[in-house]
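Summary of the model geometry
Residues per chain, in single letters:
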Amino acid sequence: MDFIKIAEAAFAGEKKEFPKFGPGDTITVSYRIKEGNKERVQNYRGVVIKIVGHQDTKRFTVRKMSDNVGVERIFPMNSPFIDNIEVNKYGKVRRAKLYYLRKLTGKAARIKEKAFNPNKK
């Protein structure tokens, strides 16, 4: 067996279950931050612009506007610092990577909301 796979298996802890989301969805990520000897939870709300990787190495990029400046942050899906992921809106997009949002500002950067019926399977 490969040494990398053995190391990954040793560090693989409990799997957290997160809701399904994709590019264009607006999500809130509750992320634990350590500052000195204190620990707090910070919410990061934005639009998912891409998801890359597979299985355990999956990571997603969330973009938000902070004082008219675009801020992007990459979160690993298997990070022990992610407490919770909440899907706020399901976006209707036709691409897997939404890099074009970087050039848009204001109303042009809005994404249409997908009509979602939770009872329908």
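Structure shown above.
Okay, so let's go over this structure. Quick caveat, the model's predicted, so the values are computed rather than measured. (Residues numbered from 1 in each chain as written. Predicted model: local features only at pLDDT ≥ 70, side-chain atom pairs only at ≥ 80, totals over all residues. Heavy atoms only, no water.)

Here we look at the overall build of the protein
Regarding its fold elements, the protein presents one helix and five strands. For the C-alpha atoms alone, the extent of the protein along its principal axes is close to 50 × 40 × 30 Å. Considering the protein as a whole, with its 121 residues, one finds that 26% of them fall into the buried category. Pairs at least 24 apart in sequence give 49% of the contacts found in the protein among residues at least 6 apart. Looking at the protein as shown, the accessible area adds up to about 9,400 Å², and 50% of this sits on carbon and sulfur atoms. (Helix = DSSP H or I, 4+ residues; strand = E, 2+ residues; numbered from the N terminus. Buried < 20%, exposed > 50% of the residue type's maximum accessible area, 1.4 Å probe, protein only. Contact = heavy atoms within 4.5 Å. Areas by Shrake-Rupley, 256 points an atom, 1.4 Å probe, with all protein chains shown as cover.)

Quick word on unusual backbone geometry
Notably, Asp67 is not glycine yet its phi reads approximately 55°, a positive angle. Residue placement: Asp67 occurs in the loop between strand S3 (59-66) and strand S4 (69-76). The exposure class of Asp67 is exposed, given its relative accessible area of 74%. The phi torsion at Asn68 lies on the positive side, around 60°, for a residue other than glycine. Mapped onto the elements, Asn68 comes out in the loop between S3 and S4. The exposure class assigned to Asn68 is exposed, which follows from its relative accessible area of 76%.

Things to note about a positive patch on the surface
A contiguous patch of positive charge on the surface is contributed by Lys92, Arg94, Arg95 and Lys112. When you line up the elements, Lys92 lands in the segment after strand S5 (82-89). (Patch = residues over 30% accessible without salt bridge, like charges linked within 9 Å, V, L, I, M, F, W, Y side chains within 5 Å. Salt bridge = Lys/Arg side-chain N within 4 Å of Asp/Glu carboxyl O. Lys, Arg positive; Asp, Glu negative; His and termini not counted. Charge placed at Lys NZ, Arg CZ, Asp CG, Glu CD.)

Focus on the pattern of salt bridges
Per the counting criterion, the structure on display carries five salt bridges. For Glu72, the salt bridge is made with Arg102, and the minimal N-O distance between the two is 2.8 Å. Of this pair, Glu72 sits in strand S4 while Arg102 sits in the segment after S5, and the two are 30 residues apart along the sequence. Look at Arg102 and you get partly exposed, because its relative accessible area is 42%. When salt bridges that share partners are traced, they join Arg32, Glu39 and Asp83 into one network.

Focus on the pairing of strand S2 (residues 38-52)
Pairing of strand S1 (residues 26-35) with S2, which is carried by 10 bridges, proceeds in the antiparallel orientation. Across the sheet, the residue bridging to Arg32 is Val41, located in S2. Counted between consecutive antiparallel strands, the loop separating S1 from S2 contains two residues, among which Gly36 sits at a positive phi close to 70°. Two elements, S2 and S3, share five bridges in a ladder whose sense is antiparallel. Pairing of Lys50 across the sheet is with Thr61, part of S3. With antiparallel pairing between neighbouring strands as the criterion, S2 and S3 make up a hairpin whose turn holds six residues, including Gly53 at a positive phi of roughly 90°. (Pairing = 2+ DSSP bridges.)

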